[in-house]
Amino acid sequence: MADTIFSKIISGEIPSHKVYEDDLVLAFLDIGPLAPGHTLVIPKEPAQTLDQLSDESAAAIGRLLPRLCRAVQTVTGCREYNVLQNNGPGAHQAVFHVHFHIIPKPSEDAGLGIRWPAGKVEDGAEMAKRISEAVTTS
Ligand code: AMP
């Protein structure tokens, strides 16, 4: 995988406002926060998208996320927040190293804005069956 700005942050080549670090995970402040306290959580493993991440790194991030969310809540005083994870340029991924955003939602106008064009489920039984079968081989 090509070097990204995040691999340079992991190696210390580029500075960051570090929030947490262990053997598998790093968390730091987003350089362009949607709200104060906007934090990025990344695996040290250089996977581009979530589907490419190892179980070990995924478990390490999963264990940590609630704790980091609580820390961001405590410090910002925001009870509400979004956890966002983009995969692929069409899905708004700009840095091709897996990352989770923790974005406080201090008010209606601040934090993450989402367009949510909900549709209707069609062929739900068939879709669910196909995905559940694919889970076993993924
Ligand atoms: P995404 O669109 O999900 O790929 O988000 C990438 C995020 O990385 C954006 O919110 C950027 O503000 C953030 N970002 C880019 N460069 C840096 C950096 N050097 N330090 C901290 N955050 C960064």
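Preceding this paragraph is the structure being described.
Numbering of residues begins from 1 in every chain and follows the order in which that chain's sequence is written. Local features in this predicted model are restricted to residues whose pLDDT is 70 or higher, and side-chain atom pairs enter the listing and the counts only when it is 80 or higher, whereas totals over whole chains, interfaces and linings include all residues. The basis for every side-chain value is the complete set of heavy atoms in the structure, and neither hydrogens nor water enter the calculation.

Peer 1: Even after reading the chapter, I still don't get the site of the ligand, so can you show me in this structure?
Peer 2: Near the ligand you find 16 residues, and of these Asp30, His92, Ala94, His99 and His101 are the closest. The definition of a polar contact used here is a pair of N or O atoms within 3.5 Å, where within protein one atom must be able to donate a hydrogen and the other to accept one, and adjacent residues in sequence count solely through side-chain atom pairs. At 2.5 Å, a side-chain N or O of Asp30 approaches an oxygen atom of the ligand. In this structure, His99 approaches the ligand through a side-chain N or O atom, which is 2.7 Å from an oxygen atom. The Shrake-Rupley method, run with a 1.4 Å probe sphere, supplies the accessible areas, and residue values consider only the shown protein chains as cover. For the ligand, whose free accessible area comes to 510 Å², the fraction covered by protein is 81%. In DSSP terms, a helix is any run of H or I states spanning at least four residues, a strand is any run of E spanning at least two, and both are numbered starting from the N terminus. The set of elements that each furnish at least two residues to the shell around the ligand consists of α1 (5-11) and β2 (25-29). Of the residues that constitute the shell around the ligand, the class distribution is 9 nonpolar, 6 polar and 1 charged. We call a residue near a given molecule or strand whenever any one of its heavy atoms falls within 4 Å of it. Polar here means any residue other than Ala, Val, Leu, Ile, Met, Phe, Trp, Tyr, Cys and Pro, which are nonpolar, and Asp, Glu, Lys and Arg, which are charged; Gly is therefore polar.

Peer 1: What exactly am I supposed to notice about the side chain of Thr39 here?
Peer 2: Here Thr39 shows up in strand β3 (residues 39-43). Pairs of residues are marked as contacts when any of their non-hydrogen atoms sit within 4.5 Å. If we skip the residues at most four places from it in the chain, Thr39 touches Val19, Ala27, Phe28, Leu29, Asp30, Val72, Phe100, His101 and Ile102.

Peer 1: Would you take a moment to explain the state of the cysteines for this structure?
Peer 2: To count as a disulfide, a pair of cysteine sulfur atoms needs to be within 2.5 Å. Tallying each qualifying case throughout the model produces 0 disulfides. Free of any disulfide, Cys69 has its nearest cysteine sulfur in Cys78, 12 Å distant.

Peer 1: How should the pairing of strand β5 (residues 100-104) be read in this particular structure?
Peer 2: Burial runs high along β5: 5 of the 5 residues are buried. Residues Phe100, Ile102 and Pro104 point to one face of β5 and His101 and Ile103 to the other, with burial holding for every one of them. In this analysis, strands are considered paired if DSSP registers two or more bridges between them. Of the strand pairs in this sheet, β3 and β5 are connected by 3 bridges, and their pairing is antiparallel. Along β5, the bridge assignment pairs Thr39 with Ile102. Across 4 bridges, the pairing between strand β4 (residues 81-84) and β5 is antiparallel. Directly across from Val83, in β5, lies its bridge partner Ile102. Between buried and exposed lies partly exposed: a residue is buried under 20% and exposed over 50% of the maximum accessible area for its type, with that area taken using a 1.4 Å probe on protein chains only.

Peer 1: Got a minute to help me understand helix α2 (residues 55-76) in this structure?
Peer 2: For an α-helix, the turn length of 3.6 residues means that residues three or four places apart are oriented alike. Over its 22 residues, α2 extends 31 Å from the first C-alpha to the last, a length consistent with the 32 Å expected when each residue adds 1.5 Å. The largest bend along α2 measures about 35° and falls at Leu65, with the proline Pro66 one to four residues further on. Taken together, the buried positions of α2 are Ser57, Ala60, Ile61, Leu64, Leu65, Leu68, Cys69, Val72 and Gln73. Residues of α2 that are buried sit in contact with β1 (18-21), β2, β3, β4 and β5. Where α2 ends, the next residue or the one after it, Gly77, has phi of about 75°, a positive value. Take the number of residues in a helix, subtract one, and multiply by 1.5 Å to get its expected span. Throughout, the bend at a residue refers to the angle made by two axes, fitted to the seven residues ending there and to the seven starting there.

Peer 1: What's the story with the packing of aromatic side chains in this structure? I'm lost.
Peer 2: Centre distance and the angle of the planes are the two values used to describe a pair of aromatic rings. Each pair of aromatic rings taken from Phe, Tyr and Trp, with Trp reduced to its six-membered ring, is defined by centres within 6.5 Å and is described as stacked if the planes are under 30 degrees apart, edge-to-face if over 60, and tilted in the remaining cases. Using the criterion set out here, one finds 1 aromatic pair in the structure. Here the aromatic rings of Phe6 and Phe28 are separated by 5.4 Å at their centres, their planes lie at 75°, and the arrangement is edge-to-face. Separated by 22 residues along the polypeptide, Phe6 in helix α1 and Phe28 in strand β2 bring together distant segments of the chain. Judged by its relative accessible area of 7%, Phe6 is buried. Residue class for Phe28 comes out buried when judged on its relative accessible area of 2%.

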